[in-house]
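Remarks on the overall topology
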Amino acid sequence: MTHLSAEQLAGHALRQRPELAPGQLDHLAQCEQCRGELDELSAVIRLSSEPVPPTAMPAGSIWRNIRAELASDAAPTVGETFDAHGTAASDNSTSEAPPQSQPAVERSRPPSRARIALLAAGVGLVVGIGATVAVNQARDNQVDVVASTALTPLPGHQGHGTAELVRARDGVVRLDVSLEAPPTPDLREVWLINTDGKRMYSLGSLPPDGTGSFPVPARLAPNLEGFIVVDVSLEPYDGNPAHSGNSEVRGTLPV
Amino acid sequence: VYGVALRRLRSASDAEEVTQQVFVSAWRGRSDYRPNAGSLTAWLLAITRNRVVDHQRAWGRDQRLASAVGKETQLRPASEPMTRLLDRIVLAEEIAQLPPPRGTILQMAFWDGKTYTQIAEQLELPLGTVKSHARRGLLQLRSRLQEVTS
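Residues numbered from 1 in each chain as written. Chains lettered and ligands numbered in written order. Predicted model: local features only at pLDDT ≥ 70, side-chain atom pairs only at ≥ 80, totals over all residues. Heavy atoms only, no water.

1. Thoughts on the interface of chain B and chain A
Facing 39 residues of chain B, the contacting portion of chain A comprises 39 residues. Both sides together, the interface formed by chain B and chain A hides about 3,600 Å², and carbon and sulfur atoms give 60% of it. If you look at where chain B meets chain A, you find four salt bridges. At the junction of chain B and chain A, the tally comes to five residue pairs in polar contact (both at pLDDT 80 or more). The dominant element in the side of chain B that touches chain A, judged by the number of residues it contributes, is helix 7 (residues 127–149) of chain B, at 11 residues. Split into classes, the residues belonging to the side of chain B that touches chain A amount to 20 nonpolar, seven polar and 12 charged. (Contact = heavy atoms within 4.5 Å. Buried area = accessible area lost by both parts, 1.4 Å probe. Salt bridge = Lys/Arg side-chain N within 4 Å of Asp/Glu carboxyl O. Polar contact = N/O pair within 3.5 Å; in protein donor to acceptor, adjacent residues only side chain to side chain. Helix = DSSP H or I, 4+ residues; strand = E, 2+ residues; numbered from the N terminus. Nonpolar A, V, L, I, M, F, W, Y, C, P; charged D, E, K, R; others polar.)

See the structure below:
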């Protein structure tokens, strides 16, 4: 007898109703190959039926550590790619520009103004990118975490995250927020709420990827003057600047 | 990534170290990622598995060294088999990403233990459609898992 089809075996593994004729069941009992396939399918069902373990969140500083480690392994100079393996195909756009423009300079006929402008633009682009990388590196390496807190969900909400109050060497204090939460049709807004529960400042809207860095109002820094409750609210797109009263997660900064 | 590392290593600081290693090596090796071969999650989890194993080997070495100099040997951290844990996460993600109604049908069949008839009534679909989605979905999941583990 021929082997059972994948569809027949899948139907049998799902065990919802008699899928196989008596002759096919006999075959299954004798055929190792079909039984092996059935076992695999049953294992998939078993694994799929088990709950996935709850995820845990590492400290919010982990992204900074990762960025710092990556920044230190390649000191990016102008025209070099950021990748230690030299395989960064995605960076081609930056490194390709100059070689295409350079032959223009070497040609015997004087370069046209347009070519010079093009070349200058290309160099400017590369320098611009190099400078951005350098600035980012500087920012990563030169912040102190003043205080941090976990953001935990309010009743009826899900989502977890962290908020860190960081001070750069230049004295600017920012709040770095990182949130993992289900998608929402609303706008997420980040607030600093006073311990009196009445006064609050809106720091701005949290991008959909859940991470954002917000400058803290200058006169609150560095000890926040009691505005130590970090609150992320869900705001309907109604143009009303007041807090919706619908808070998703919260945490209190120990300052 | 952190959750898997934490379950295996049972130490928040070790798990954070591994998490950092995973994302650093993922970024450095990002040109090796082939979207056709599996989801980004599966790729990151495969790196996680390797890093956790490396970490446990190093830990075992430390323990042997410690016992060689007369210190008391601790028991290795116990936990469920890693592959099983990773497979569960990958499968849950695959099911969630299946286009409707296939993903919903599989969720109802696997997690809620619903029969074809109940699913068909609830989703207002013909019984045959439910049945064929369930079978094909199951086969799809199996081949996805084979790609990931190979």
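2. Quick look at the confidence of the model for chain A
For chain A, mean pLDDT is 75; residues scoring 70 or higher make up 71% of the total. For the stretch residues 118–141 of chain A, pLDDT sits under 50, and the model shows 16 contacts to residues farther than four places along the chain or on other chains. (pLDDT = per-residue confidence, 0-100.)

3. Side note on the pattern of salt bridges
Two side chains that carry opposite charge are able to pair once their charged atoms sit near each other. A complete count under the given rule lists 11 salt bridges over all chains for this structure. D176 of chain A is the partner of R64 of chain A in a salt bridge, and the nearest nitrogen-oxygen pair spans 3.1 Å. One end of the pair, R64 of chain A, is in helix 4 (residues 62–73); the other, D176 of chain A, is in strand 3 (residues 173–180), and 112 residues separate them in sequence. The exposure class assigned to R64 of chain A is buried, which follows from its relative accessible area of 13%. E248 of chain A serves as the salt-bridge partner of R188 of chain A, at 2.6 Å between the closest nitrogen and oxygen. Here R188 of chain A, found in strand 4 (residues 187–193), pairs with E248 of chain A, found in strand 8 (residues 247–252); they are 60 residues apart in sequence, far enough to count as distant. A single burial state applies to R188 of chain A and to E248 of chain A, both of which are buried. When salt bridges that share partners are traced, they join E7 of chain A together with R135 and R136 of chain B into one network. (Buried < 20%, exposed > 50% of the residue type's maximum accessible area, 1.4 Å probe, protein only.)

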